Amino acid sequence: MMVVISPSKMLLKKAAKLLSNRAFSSSQALNAKQMTVRDALNSALDEEMAKDDRVVLLGEEVALYDGAYKVSRGLWKKYGDKRVIDTPITEMGFAGIAVGAAMAGLRPICEFMTFNFSMQAIDQVINSAAKTFYMSAGMINVPIVFRGPNGAAAGVAAQHSQCFGAWYSHCPGLKVISPYNSEDCKGLLKAAIRDPDPVVFLENELLYGSSYPMSDEALSNEFVLEIGKAKVERAGDHITIVAHSKAVETGLDAAKLLAGEGIECEVINLRSLRPLDVNSVCKSVAKTNHLVTIEGGWPQCGIGSEICARIMESETFYHLDSPVIRVTGADVPTPYTKSLEGLAFPQPADVVTAVKKVLGVK
Amino acid sequence: MKVNYFLNTARLSLAYLEKNGCHSLRRSFSVLSSGNAAEVFEEKTSGRWIDKLEFVEPSEAPIPTYRVMDLSGRIIDKSQEPQFGPKIPVEMYRCMALLNTMDRILYESQGQGRISFYLTSLGEEATHMGSAAALNSDDLVYAQYRESGVLLWRGYSLDDFMSQCYGNCDDRGCGKQMPIHYGSRRLNFVTLSSPLATQLPQAVGSAYSFKLTNQPRCVIVYFGEGAASEGDAHAAFNFAATLECPVIFFCRNNGFAISTPSDEQYKGDGIAARAAGYGIVALRVDGNDVFAVYNATQIAREYALKYNKPVILEAMTYRVSHHSTSDDSTAYRSAEDLKHWQEHNNPVKRLKNYLLARNLWSEQQETEWATSARKQVLEAFARAESKLKPQWQEMFTDVYRDIPNHLMKQMKYMEEHVEEYKQHYPLDSFKKN
């Protein structure tokens, strides 16, 4: 039995109360160099383009204008307009160009200005990029990265604010990455570019300007993260919180609030949606016996649904002491006005409520 | 669907085309690369201004159609006869006849329930052989689906065709794709994709790749006039023009998109007329004249590689076959129309008449080749039917380069299951590890 918690005004009031009591912890952040998600993505692109001249970047505004979100800043000047290519405005067109270029030996990175527009190219992504290796029985691989901002943005309503994580992760043949912070973005984008299979790389529009600590290792040119491995962002014994992308932050914020009440959450950052590292989730649940999932996407057939299903099908089911709760985006197209928009996506207070419900704590 | 406006006087050289037409050739890069907005605007307005409003009508004169032979196979202008000696036209003819034989037998085999799907190339043979013969073997082919003759010309064997259609253990595609979705890395032929026109932007991407890596290769991409209505076609034309890619857009304008006749598919002057709007050069040829197709493809290739630019080549032909085994064309076209094309404008007969008139072919050879072709096809057919099915494990491979854990687990589980219940499975008909 699963219960979907949708955010409500009442919860927001509770959250405001809890937030006023919360203690900020920033000790980890002070020890390492800070880098924005945008710069982390940019350095991944730069390093891989320098390393392999088959890597090209194409999309709308990626060259002269440095990308609509400035992720490709400076790359056109450095690598020239043969490798950083401004294209006409046709998503199915440049996605198709990228697929064909990959089939003929290049390693294209196809930027969608936002993943919302990738719907106009969906046939090229699913029917060609994802399936060609299989349909050709291994004759033709399509080493391509489709990347761009994904998920809820601010004040841009239904057609610019949605998560495509569940959509793409449904399809065999694709790998789907949904990174959270700067380290994720750098290490996983580099891995995606080097990968022989097509990868959908879902950046978060709201996090581009956020800074996160980067270890010396993460700053090095050789830093690459393995695709398909989740990361425990915070250890805890009482309950497991699983999330991807910006929802990881929501989970960490909730965990801090709950720690103040003596509840220790283990927060897992999925990093990759396909392959999905269910083992890490199961391992954690075997320890905590409780689970809450968080995602910005819609509830039906979502990432949380998938995790619940996998747990149901495994031994981990017997480790659960109570039903799992999914905290998801509200099951509506994203509303524009600020008061409604905030309510449409998971907030720390929603997670706090879900955790308490799962644990039977008042 | 009458091709009635012919052109046969063009000199066959790029230099001639450059001097006497193709103005976009000469305009080329200079203005747009200057980066001066005022100059670009001046160029776009061509410096011509009017002070009264006038509609610009679509051109009344259609783009002329180039041909080398008349309907009876007689060369109209000797200077246009390809200078490739007797071997190639004979080979073209033998290939056409072999293709027809294979098509008829595989089409019937679908009716008998032996394969799930098939479609034939009847009526369009000259577009295949004419274009395939004019390309280099390392030029990359993106086909739509009705281009088996191109593969046959490149050396895909009857066994290759049959094995693919049967999805047996010798199918290079390991039984993963439906019949006629051929692909061959050796022959530079990209595995077919069913959704219409997706191959068009992909072809442009491959051509861009060749340009970027300085490979002297071009890409040819085949499509029908129906597929040209897909948004992908627009995207491909526009991208090929703006990214300046060496690609030949080869349109087989065969009159029908399943049952939709071309006069319901578009209202302008066919596909070639669209080229001007994209700043692309175009050629329209009689697609039932194998030499016209050959000459046009050859010059298109030369142009594409010399300038790193696309060409739109529209071959006017007629789909004598049904669309596929899924339809019956008698429901949407008249028997007289079909008869006209089969009897009076038949690309195979036209080439045969040419060969007979030059003593390159005889009725005796015709009979011998018909017998031999039938024998070859039936033998390959029998071999394909008797071959083992691919290893069933193929189902799990090639989803990703490395098999993911969950698929590996399922494969192992199935292996154990099959081992335990082997008496219930026809394991002898599957290839073993």
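Residues numbered from 1 in each chain as written. Chains lettered and ligands numbered in written order. Predicted model: local features only at pLDDT ≥ 70, side-chain atom pairs only at ≥ 80, totals over all residues. Heavy atoms only, no water.

Per an unreviewed UniProt entry, the recorded name for chain B is 2-oxoisovalerate dehydrogenase subunit alpha, and the organism is Laodelphax striatellus. Comment text from UniProt for chain B, heading Cofactor (unreviewed entry), reads "thiamine diphosphate". Quoted verbatim from the Subcellular location (unreviewed entry) field of UniProt, the annotation for chain B is "Mitochondrion matrix". (UniProt positions renumbered as here; feature names shortened; annotations may be inferred.)

You'll find chain A entered in an unreviewed UniProt entry as Pyruvate dehydrogenase E1 component subunit beta, with Laodelphax striatellus given as the organism. Database annotation for chain A, UniProt heading Subcellular location (unreviewed entry): "Mitochondrion". UniProt, in the comment section headed Cofactor (unreviewed entry), describes chain A in these words: "thiamine diphosphate".

All names here are of chain B. Put simply, chain B has an average pLDDT of 91, and 92% of its residues get 70 or more. When the criterion is pLDDT under 50, residues 1-5 qualifies, and its contacts beyond four places in sequence or with other chains add up to 14 contacts. In this model, residues 22-34 is a region of pLDDT below 50 whose contacts with residues beyond four sequence positions or in other chains number 22 contacts. (pLDDT = per-residue confidence, 0-100. Contact = heavy atoms within 4.5 Å.)

Another aspect to go through is the domain arrangement of chain A. Residues and elements named next belong to chain A. As assigned here, chain A comprises domain 1 (34-219) and domain 2 (231-359). A straight line from the C-alpha centre of domain 1 to that of domain 2 covers 26 Å. A buried area of about 2100 Å², summed over both sides, lies between domain 1 and domain 2, and 55% of it is on carbon and sulfur atoms. The tally of links from domain 1 across to domain 2 stands at 3 salt bridges. For Asp 184, the salt bridge is made with Arg 271, and the minimal N-O distance between the two is 2.7 Å. Within the residue set of the side of domain 1 that touches domain 2, elements represented by two or more residues are helix 8 (165-169), strand 7 (175-177), helix 9 (182-194) and strand 8 (199-204). For the side of domain 1 that touches domain 2, the element with the most residues is helix 8, which contributes 4 residues. The class makeup of the residues in the side of domain 1 that touches domain 2 is 21 nonpolar, 9 polar and 3 charged. (Domains from an automatic or database assignment. Buried area = accessible area lost by both parts, 1.4 Å probe. Salt bridge = Lys/Arg side-chain N within 4 Å of Asp/Glu carboxyl O. Helix = DSSP H or I, 4+ residues; strand = E, 2+ residues; numbered from the N terminus. Nonpolar A, V, L, I, M, F, W, Y, C, P; charged D, E, K, R; others polar.)

A separate point is the sheet that holds strand 4 (residues 84-86) of chain A. Adjacent strands of a sheet form backbone hydrogen bonds with each other and so pair up, either parallel or antiparallel. Residue and element names in this part refer to chain A. Overall, mixed pairing links the 7 strands, which are arranged 4-3-5-6-8-7-13 in an open sheet. On the outer flanks of this sheet lie strand 4 and strand 13 (272-274), each paired with one strand and no other. The average undirected angle you get between the axes of adjacent strands in this sheet is 20°. Sheet topology places strand 3 (residues 55-59) next to strand 4; 3 bridges connect them, and they run parallel. For Leu 58, the partnering residue across the bridge sits in strand 4 and is Ile 85. Relative to strand 3, helix 3 (residues 37-51) is tilted by about 135°, and along the sheet it contacts strand 3, strand 4, strand 5 (107-111), strand 6 (145-150) and strand 8. (Pairing = 2+ DSSP bridges. Axes fitted to C-alpha atoms, helices over the stretch in contact; angles between N-to-C directions.)

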